[in-house]
Each structure stands twice: as C-alpha cells, then as structure tokens.
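# Structural description and commentary
So the chains spell out like this:
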Amino acid sequence: MQVIIYKFVDGTTNAVEVTEDIYLIHLELLQQEKRNHWKETRRHTSLYYLIENGIDFEDKSTDTLAIIIRRENTERVHKALLTLSDKRRELVHKFYYEEMTMRAIARERGVSHSSISQQMATVRKHLQKQLRDYVI
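Everything quoted here is computed from the prediction, not taken from an experiment. (Residues numbered from 1 in each chain as written. Predicted model: local features only at pLDDT ≥ 70, side-chain atom pairs only at ≥ 80, totals over all residues. Heavy atoms only, no water.)

### Observations regarding the environment of Arg109
To keep things clear, this is the line we draw: Helix and strand assignments come from DSSP, with helices taken as H or I runs of at least 4 residues and strands as E runs of at least 2, each series counted from the N terminus. Contacts are assigned to residue pairs that have any heavy atoms within 4.5 Å of one another.
Inspection of the secondary structure assignment puts Arg109 in helix 5 (residues 102–109). Those residues in contact with Arg109, other than ones at most four positions away along the chain, are Lys87, Glu90, Leu91, Ile116 and Gln119.

This is how it looks when you write it as structure tokens:
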C-alpha cells in the first residue's frame, strides 16, 4: 500500500492509502499535468521574458499606406490624395485621419462592410502606384 497526501488551499492535508496500481496511475497523472502546464506556459513565459528585456516585435498588422501617411513627407501624400475622387478621398480621410472603422464607415454610408473593404483595397493600390518609389 502507498499513501497519497492531498494538500488543500486552506493549509490542511489529507492522507489516503491506495494500492500500488492506483498510486502509479496517480503519479502518471501528476506527470502529465506538469507536462501540460509546461507546454502551455513555455511560449508565454519566453515571450514575456523577451518583452521585459526590451526586445520589441514589429507590428505586421499596420499596412504600408498607414506608415507612409505618418511620415514627414505629407505633401507628397496629399498630392497623391488629390488624384482620388472626392468619395474615395473622403473614405481615406475617415479611415486614416479620423480613425473610423470600416464597419462604422459602411454603416454611415449605408453599404456593406465588404464594399468598403474592396474600395479601400482599390484606393491602396492606386495610392501605392502614385507613391511607388516612396514605399518601403
């Protein structure tokens, strides 16, 4: 017979006598629990460790046009924006300058979200052609 000791949060303990087979199953379950915990925490711990030590990660969600708009050469961007229709220029202004979401713009215009997404994709392509040699 083997003894399994349970420790509770309130500080109390309880000892249970079990057979050898049950004890071995208990040990295997404990090991499996440790392995699962390690699998879950190893990625998070290392990421937090890197961030705490000053290693920054590039934000891949920012598109090229947003980077260009934030640059100092705004005159060039404004000239490229003047090549757009009023409706498309307004779309760019709302999305990039007023920081409205595409869903909010779609609601305001009474069209679908996918319609605004497609229009933005067309605008991005057009502006990137206009600013081609400036794109990173």
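### So, the nonpolar core
To keep it simple, the criterion reads: Throughout this description, the term nonpolar core refers to a set of buried Ala, Val, Leu, Ile, Met, Phe, Trp, Tyr and Cys residues connected via side-chain atoms within 4.5 Å. Relative accessibility under 20% of the residue-type maximum defines a buried residue, over 50% an exposed one, and the middle range a partly exposed one, all with a 1.4 Å probe and only protein chains included.
Formed by 19 residues in total, the largest nonpolar core has its most connected members in Leu81, Leu84, Val92, Tyr96, Ile116 and Leu127. Elements supplying a minimum of two residues to this core: helix 2 (64–70), helix 3 (74–82), helix 4 (86–97), helix 5 and helix 6 (113–130). Ignoring sequence-local partners within four residues, the contact set of Leu127 consists of Leu65, Ala80, Leu81, Leu84 and Val92.

### Here we look at a nonpolar patch on the surface
Under the convention used in this document: What makes a patch is a set of residues exposed beyond 30% relative accessible area and free of salt bridges, joined within 9 Å when like-charged and within 5 Å when nonpolar (Val, Leu, Ile, Met, Phe, Trp, Tyr). Computed with the Shrake-Rupley method and a 1.4 Å probe, the accessible areas treat only the protein chains shown as cover for residues. Between Lys or Arg on one side and Asp or Glu on the other, a salt bridge is scored when a side-chain nitrogen of the former is within 4 Å of a carboxyl oxygen of the latter.
There is a patch of nonpolar side chains on the surface, built from Tyr6, Phe8 and Val16 and spanning about 260 Å² of accessible area. A residue is classified by how much of its surface remains accessible, and Val16, at 31% relative accessible area, is partly exposed.

### Some words on the packing of helix 5 against helix 6
Short version of the rule: Here an axis means a line fitted to C-alpha atoms, over the contact stretch when the element is a helix, while the angle between two N-to-C directions is reported on a 0 to 180 degree scale. Orientation is classified from the angle alone, with under 35 degrees giving roughly parallel, over 145 giving roughly antiparallel, 65 to 115 giving roughly perpendicular, and any other angle giving oblique. For any pair of crossing helices, the crossing counts as left-handed if the nearer helix is rotated counterclockwise from the farther one by less than a right angle, and right-handed if it is rotated clockwise.
The contact between helix 5 and helix 6 brings their axes to 8 Å, and the two run at 110°. Our classification of the angle between helix 5 and helix 6 gives roughly perpendicular. Crossing hand, helix 5 versus helix 6: right-handed. In this structure, helix 5 contributes Met102, Arg103, Ile105, Ala106 and Arg109 to the contact, and helix 6 contributes His113, Ile116, Ser117, Gln119, Met120 and Arg124.

### Some remarks on the pattern of salt bridges
Tallied over the entire structure, the rule returns 4 salt bridges. Residue Arg89 is joined to Asp86 by a salt bridge in which the shortest nitrogen-to-oxygen separation is 3.0 Å. With Arg89 and Asp86 both in helix 4 and 3 residues apart, the pair spans about one turn of that helix. The class for Asp86 is exposed, based on a relative accessible area of 57%. Across the salt bridge formed by Glu108 and Lys94, the nearest N and O atoms sit 2.8 Å from each other. Taken together, the positions of Glu108 in helix 5 and Lys94 in helix 4 put the pair 14 residues apart, joining distant regions of the chain. Look at Glu108 and you get partly exposed, because its relative accessible area is 47%. One connected set of salt bridges, linked through shared partners, spans Glu90, Lys94 and Glu108.

Function-wise, these values are silent; they only describe arrangement.
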